[in-house]
Amino acid sequence: MEKDFRLMVAPLQGLTEAAWRSEHFRLFGERQGDVEYFTPFIRVEKGEVRVRDLRDFTSELNREMKLTPQIIFRDAEEWRMLVDKLAEADAKQIDMNMGCPFPPQVRKGRGAGMLAHPEIISEIAELTKQYADSIEFSVKMRLGVKDANEALALVDILNEMPLRHVTVHPRTASQQYKGTLLLEELEAFASKLRHPVVFNGEVSTPSEIAALASRYDGVMVGRGLLRRPSLFSEYRSGYEIPASEQEAGWLELLRRTAALLEQRLCGATQLRDKLKPYWEYAPATMDKKIIKQGRKLGKIID
């Protein structure tokens, strides 16, 4: 195991928000080492930074964990607006999303859509240097919009940025979350970067993390942790817990998340709708009847 290998929790809209992060940290934090969490992306809407996005970053539930806000933007103006607002909120690190494959975002030039605009990335690269004394930046990206070689054209720009790391999901935006991981293209891209490279995509077991530790500087996991929240602590300990314990941990995390959300949402309907998406990530070994009821009712069936 590499001592400096970084473990990171990927941001997923509507799922890895403050309530889930807080309880995941409390249940597994002491056993998972120095893990870094990332907020779902913070964006500009109707000319203003979305207040609810900022609330997720400034929530008191984040106080004990290492948390980095992630921003999504379509131009240097939006980028500066977001960075300045987060600087006011005392952010010391900011992650720049150039990897979201959601078509509406890509069409507007945000997320992975930014990869088609090297001129804007160049402008932002210069801006990062102006904030380098107070904020550390990182990038989360794909290999391209449609062509997996598009990232290669950005190497020089990225290498000139003062970045903590570059997280790469080895797919194009057009693939979204389906299709083959483009590992050869990732290797070709990563070999040219001067920054630490973090692997993101289809990681679900401690043994997969161990294999990546010899090749990359870190791993960022989203859906794999939603399905197996003990994943990082299992990797750190070198012990894979039985499926029954994985299920128990998953259910306990959902119970705790639900208890926090219940204090913040208005009524049972809102709570049910908020919890339903988590059931899409129930452990595959769990009783199918329980999963079916959970997906339907959005709550734990005792």
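Cut-offs applied
Residues numbered from 1 in each chain as written. Predicted model: local features only at pLDDT ≥ 70, side-chain atom pairs only at ≥ 80, totals over all residues. Heavy atoms only, no water. Buried < 20%, exposed > 50% of the residue type's maximum accessible area, 1.4 Å probe, protein only. Helix = DSSP H or I, 4+ residues; strand = E, 2+ residues; numbered from the N terminus. Pairing = 2+ DSSP bridges. Polar contact = N/O pair within 3.5 Å; in protein donor to acceptor, adjacent residues only side chain to side chain. Contact = heavy atoms within 4.5 Å. Phe/Tyr/Trp six-rings, centres within 6.5 Å; stacked < 30°, edge-to-face > 60°. Lys NZ or Arg CZ within 6 Å of the ring centre and 35° of its normal.

Draft legend 1. Looking closely at the pairing of strand 2 (residues 35-38). Here strand 2 shows no split at all, with Val35 and Tyr37 on one side and Glu36 and Phe38 on the other all buried. Bridge count between strand 1 (residues 6-9) and strand 2: three bridges; the pairing is parallel. By the bridge assignment for strand 2, methionine 8 is matched with glutamate 36. Where strand 2 and strand 5 (residues 66-68) come together, three bridges link them in parallel fashion.

Draft legend 2. Expanded view of helix 13 (residues 288-297). Capping the start of helix 13 is the job of one residue whose side-chain oxygen sits 2.7 Å from the backbone nitrogen of lysine 289: aspartate 287. Immediately beyond the C-terminal end of helix 13, within one or two residues, lies glycine 298, with a positive phi of roughly 70 degrees.

Draft legend 3. The environment of alanine 125, seen in detail. Within the secondary structure, alanine 125 is located in helix 5 (residues 118-130). Along the backbone, alanine 125 and leucine 86 are 39 residues apart, and their C-alpha atoms lie at a distance of 18 Å. Aside from chain neighbours lying at most four places away, what touches alanine 125 is Ile157 and Met161.

Draft legend 4. Structural context of the packing of aromatic side chains. In the structure shown here, the tally under the stated rule is six aromatic pairs. Note on tryptophan 79 and tyrosine 131: the rings are 5.5 Å apart at their centroids and 80 degrees apart in plane angle, and the pair reads as edge-to-face. Taken together, the positions of tryptophan 79 in helix 3 (residues 76-88) and tyrosine 131 in the loop between helix 5 and strand 8 (136-144) put the pair 52 residues apart, joining distant regions of the chain. Across the pair, tyrosine 131 and tryptophan 79 agree in class, each one buried. Judged by centre distance (5.0 Å) and plane angle (65 degrees), the ring pair of tryptophan 250 and tryptophan 279 falls under edge-to-face. Highlighted residues: tryptophan 250 in helix 11 (residues 243-264) and tryptophan 279 in the loop between helix 12 (267-275) and helix 13, separated in sequence by 29 residues. Here tryptophan 250 falls in the buried class, since its relative accessible area comes to 4%. Residue classification places tryptophan 279 among the buried positions, given a relative accessible area of 0%. An aromatic cluster of at least three residues, connected via ring pairs, comprises Trp79, Tyr131 and Phe137. Over the ring of tyrosine 177 we find arginine 142, and its NZ or CZ is 4.9 Å from the ring centre.

Everything listed here is a matter of geometry and, on its own, says nothing about what the molecule does.
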